[in-house]
Amino acid sequence: MTITSPHLGSTSGWTDARLLYALEEVVENELNRHLKVAKDWMPHEYVPWSDARNFPGLFEDGEAWEKEQSKVTEVGRIALVVNLLTEDNLPSYHHEIASLFGRDGAWGTWVHRWTAEEGRHGIVMRDYLLASRAVDPDKLEAFRMSHMSEGFESDNRHSMLHSVAYVAFQELATRVSHRNTGHQSGDPVCDRMLARIATDENLHMVFYRNLLKAAFELAPDLTMQAVRDVVVNFRMPGHGIPGFERAAAQMAIGEVYNMRIHHDDVLQPVLRHLKVLDIDGLGPEGLHAQEELGLFMGGLDSEARKFDEKLAARKARMAARAGA
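Residues numbered from 1 in each chain as written. Predicted model: local features only at pLDDT ≥ 70, side-chain atom pairs only at ≥ 80, totals over all residues. Heavy atoms only, no water.

Attention now goes to the overall build of the protein. Tallying secondary structure elements over the protein gives 12 helices and zero strands in all. Each helix (α) and strand (β) of the protein, taken in turn from the N terminus, gives the series α-α-α-α-α-α-α-α-α-α-α-α. The C-alpha atoms of the protein give a radius of gyration of 21 Å, which matches the 20 Å a tight globule of 324 residues would have. Taken along the three principal axes of its C-alpha coordinates, the protein extends 70 × 50 × 35 Å. Counting contacts in the protein only where the partners sit at least 6 residues apart, residues at least 24 apart contribute 81% of the total. Here the protein has roughly 15600 Å² of accessible surface; of this, 54% comes from carbon and sulfur atoms. Taking the average place of the 35 positive charges on the side chains of the protein and the average place of its 48 negative ones, the gap between the two points comes to 5 Å. (Helix = DSSP H or I, 4+ residues; strand = E, 2+ residues; numbered from the N terminus. Rg over C-alpha atoms; globule rule 2.2 N^0.38 Å. Contact = heavy atoms within 4.5 Å. Areas by Shrake-Rupley, 256 points an atom, 1.4 Å probe, with all protein chains shown as cover. Lys, Arg positive; Asp, Glu negative; His and termini not counted. Charge placed at Lys NZ, Arg CZ, Asp CG, Glu CD.)

On to the pattern of salt bridges. A side chain of one charge can pair with a side chain of the opposite charge if their charged atoms are brought near each other. What the rule picks out here adds up to 19 salt bridges. Arg 260 is paired through a salt bridge with Asp 264; the nearest N and O atoms lie 3.0 Å apart. Taken together, the residues Arg 260 and Asp 264, both in helix α11 (residues 259-274) and four residues apart, mark about one turn of the helix. Here the salt bridges do not stand alone but share partners, grouping Arg 260, Asp 264, Asp 301, Arg 305 and Asp 308 into one network. (Salt bridge = Lys/Arg side-chain N within 4 Å of Asp/Glu carboxyl O.)

Time to look at unusual backbone geometry. The phi dihedral of Arg 133 falls on the positive side, at around 55 degrees, and the residue is not glycine. Structurally, the position occupied by Arg 133 is in the loop between α5 (105-131) and α6 (137-149). By relative accessible area, Arg 133 is classed as buried at 0%. Look at Glu 255: it is not a glycine, yet its phi comes out positive at around 60 degrees. (Buried < 20%, exposed > 50% of the residue type's maximum accessible area, 1.4 Å probe, protein only.)

This next bit is on the environment of Arg 272. The residue Arg 272 is located in helix α11 in this model. The class of Arg 272 is exposed, set by a relative accessible area of 54%. Sequence spacing of Arg 272 and Asp 61 is 211 residues, and the spatial spacing of their C-alpha atoms is 56 Å.

Glancing now at the nonpolar core. Core analysis: the biggest nonpolar cluster contains 88 residues, and Leu 80, Phe 101, Phe 169, Met 193, Tyr 208, Leu 211 and Val 227 have the highest contact counts within it. Ranked by residue count, the leading element in this core is helix α8 (residues 188-218), at 14 residues. Filtering out sequence-adjacent residues up to four positions away, Val 227 remains in contact with Ala 165, Phe 169, Leu 212, Phe 216, Leu 271, Val 276 and Leu 293. (Core = buried A, V, L, I, M, F, W, Y, C linked by side-chain atoms within 4.5 Å.)

Counting across every chain of the model gives six aromatic pairs. Their ring planes at 80 degrees and their centres at 5.4 Å tell us that Trp 41 and Tyr 46 sit as a pair that is edge-to-face. Note on Phe 207 and Tyr 208: the rings are 5.3 Å apart at their centroids and 85 degrees apart in plane angle, and the pair reads as edge-to-face. For the pair Phe 207 and Tyr 208, a shared accessibility class is recorded, and that class is buried. Pairwise contacts between aromatic rings join Trp 110, Phe 207 and Tyr 208 into one cluster. The cationic tip of Arg 133 hangs over the ring face of Phe 55; the distance from NZ or CZ to the ring centre is 4.0 Å. (Phe/Tyr/Trp six-rings, centres within 6.5 Å; stacked < 30°, edge-to-face > 60°. Lys NZ or Arg CZ within 6 Å of the ring centre and 35° of its normal.)

Further remarks concern empty space enclosed by the protein. Taken as a whole, this structure holds one cavity of 30 Å³ or more when the rule is applied. Looking at the largest cavity, its volume works out to about 380 Å³. As for the largest cavity, its lining consists of 27 residues, of which Tyr 93, Phe 152, Tyr 166, Val 167 and Gln 170 are closest to the centre. Residues of the lining of the largest cavity, tallied by class, amount to 11 nonpolar, seven polar and nine charged. (1 Å grid on protein atoms, 1.4 Å probe; cavity = no way out; pocket = protein on both sides within 12 Å on 5 of 7 lines; lining within 4 Å. Points joined across faces, edges and corners; volume = space filled by probe spheres on them. Nonpolar A, V, L, I, M, F, W, Y, C, P; charged D, E, K, R; others polar.)

So, in structure tokens, the structure goes:
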């Protein structure tokens, strides 16, 4: 980086504006790297259009939706709806990050590129769901209207560092959720589509993870506190979806996304890659945040172990009933 600062290792002196300026070169480098490795793809090529037929409405030959028309499993259907409704809020996400990161320079170019890539995800998922008749189209639209009408406010909009830390974990969480949904969907076409989306999400995670690494080098204490806060209070952006708690519970049981997956496949990989719990030279506030983060991760692992035991017991009961 071309910017050096007298505030390294200190919580004083850094403002969002200073951090945005100091990280501009890193953003430019990461943007250029991203553009070299990201591959364009056509959403319409992942949709089984030959399975599509008219729904009731303007068409006299419209056929009403029924659950049995789709190959998708119940947990796959639930996860697909949650994932799509999350993607549907892209206009709000764009507003949030454009307001925080800016619309000019490398930051602005990244914000717009990220938005364009994310737009494909909602397009292909909705087309797949309707063409394959995986969900009730009327209920899906009602959910979309309800969810988007509520608006969206990020839990981390108060801080650029908190926002960068959050998306580093959230993009990986989204990748894992999409990938596991594909595995559990029961439909190879759906699995391929979500694998393509997951590839995008992984590249987005790498961008923000590398940005977070640079932030640790600039302002380690502040960045450690931001990571601590984000990990301890983490919520997926779709938490406001109607019926989210029930859907999340079903996705947890269905092994799409649960505490064990969150700990092992989302939090740990980012923390391990950045060696967050091994960073030394921190001031008192950074060291305290690091210690709290370590304790939280230990507690989460214990809670995940309890969940694993309950899930194993549930599977054993179901197997016993099936064999009876």
